[in-house]
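Overview (structure and organization)
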Amino acid sequence: TTLPPPWRPDGDKKMTLFMLCAVVALGLAGGQDLDRPTYGSVSDLRGLTRLFVDTGTDVRARDRIIRELRSSGIGLQLVQDARDAQILLEFGASVERRVSGWVTNTRRDKDKRREESVTTPTEQKIHAGAGTVYVVRDGQLSIVESFADEKRIFFERDPVTNFARAFLRLYGRANGLAEER
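The following refers to the structure shown. (Residues numbered from 1 in each chain as written. Predicted model: local features only at pLDDT ≥ 70, side-chain atom pairs only at ≥ 80, totals over all residues. Heavy atoms only, no water.)

Take the environment of Asp 81 next. If you trace the backbone, Asp 81 turns up in the loop between β3 (77–78) and β4 (87–108). What makes Asp 81 partly exposed here is its relative accessible area of 26%. Distance in space between the C-alpha atoms of Asp 81 and Val 53 is 9.3 Å, their sequence separation being 28 residues. Side chain to side chain, Asp 81 and Arg 83 meet in a polar contact 2.7 Å long. (Helix = DSSP H or I, 4+ residues; strand = E, 2+ residues; numbered from the N terminus. Buried < 20%, exposed > 50% of the residue type's maximum accessible area, 1.4 Å probe, protein only. Polar contact = N/O pair within 3.5 Å; in protein donor to acceptor, adjacent residues only side chain to side chain.)

Turning to a nonpolar patch on the surface, a few remarks are in order. Side chains of Ile 153, Phe 154 and Phe 155 sit close together on the surface and give an oily, nonpolar patch of about 390 Å² of accessible area. Along the polypeptide, Phe 154 turns up in the loop between β6 (140–151) and α3 (159–174). (Patch = residues over 30% accessible without salt bridge, like charges linked within 9 Å, V, L, I, M, F, W, Y side chains within 5 Å. Areas by Shrake-Rupley, 256 points an atom, 1.4 Å probe, with all protein chains shown as cover. Salt bridge = Lys/Arg side-chain N within 4 Å of Asp/Glu carboxyl O.)

Another point: the pairing of strand β2 (residues 50–54). Across the five residues that make up β2, a large majority, four, are buried. Judged from the two bridges that link them, β2 and β3 form a sheet pairing that is parallel. Following the sheet pairing, Leu 51 is matched in β3 by Leu 78. Crossover handedness for the path β2 to helix α2 (residues 59–71) to β3: right-handed. Looking at chain direction, β2 and β4 are connected through four bridges and run parallel. In the sheet register, Phe 52 faces β4, and the bridge partner there is Leu 88. (Pairing = 2+ DSSP bridges. Right-handed = clockwise from strand over helix to strand, strands pointing away.)

As a further point, take the sheet that holds β3. Here we have six strands laid out as an open sheet, ordered β1-β6-β5-β4-β2-β3, and mixed in their pairing. With one partner strand each, in any of the chains shown, β1 (38–39) and β3 form the two edges of the open sheet. Alignment of strand β5 (residues 115–137) against β6, held across 11 bridges, turns out to be antiparallel. Each bridged residue has a counterpart across the sheet, and for Ala 128 the counterpart in β6 is Glu 150. Contacts from α2 reach β2, β3 and β4, with the element oriented near 150° to β2. (Contact = heavy atoms within 4.5 Å. Axes fitted to C-alpha atoms, helices over the stretch in contact; angles between N-to-C directions.)

What follows is about the pattern of salt bridges. Evaluated as defined, the whole model comprises four salt bridges. Put simply, Arg 64 and Asp 158 hold a salt bridge, and the shortest N to O gap is 2.8 Å. Separated by 94 residues along the polypeptide, Arg 64 in helix α2 and Asp 158 in the loop between β6 and α3 bring together distant segments of the chain. Here Arg 64 falls in the partly exposed class, since its relative accessible area comes to 27%. A residue is classified by how much of its surface remains accessible, and Asp 158, at 18% relative accessible area, is buried.

Attention now goes to the nonpolar core. Ranked by size, the top nonpolar core spans 26 residues in total, and within it Leu 45, Ile 65, Leu 69, Ile 87, Leu 89, Val 133 and Phe 167 carry the most contacts. Mapped by element, the contributors of at least two residues to this core are β2, α2, β4, β5, β6 and α3. Counting residues per element, this core draws most heavily on α3, at nine residues. Setting aside anything within four residues of it in sequence, one finds Ile 87 in contact with Leu 45, Leu 48, Arg 50, Leu 51, Phe 52, Val 133, Tyr 134, Phe 167 and Tyr 171. If you look at the next biggest cluster of nonpolar residues, it comprises nine residues, including Phe 52, Val 79, Ala 82 and Val 136. (Core = buried A, V, L, I, M, F, W, Y, C linked by side-chain atoms within 4.5 Å.)

Rendered as structure tokens:
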């Protein structure tokens, strides 16, 4: 049996990932009686230190983000409850398979009378990730930055690492810290 397109492991999951991020963000805000998110700026991160990292059920991604944050040496306090946070980092990832080309082979039958061409697709495994940086201030959730990235070839950094480093650059810029990454 075949599964419907949204549930196929190789289906396009970008929109699903985006919707999941939006639902989680609003769910996090639900405990704080926050209205719909507004748009903020990088300067909104100035002076904030309490941070919550949400990756849904992807514990490995959460651990990698936390490892990047800790290795930066920046004095961020990781909290275990989103209600205690001033900054919310939200990240989701997926692995997709995309057609990257076609290969055509010609083959003959055993008696070499008939020839046929067979065309097969070649696939590329893509690691995709999307994240959002939110600030909670005065009971209001503000979107400071959104992020999307893809790892197409094996020697590129994973999107989860790139998201963590992008956040650290933003935070450093907002707080006048030297950029090392």
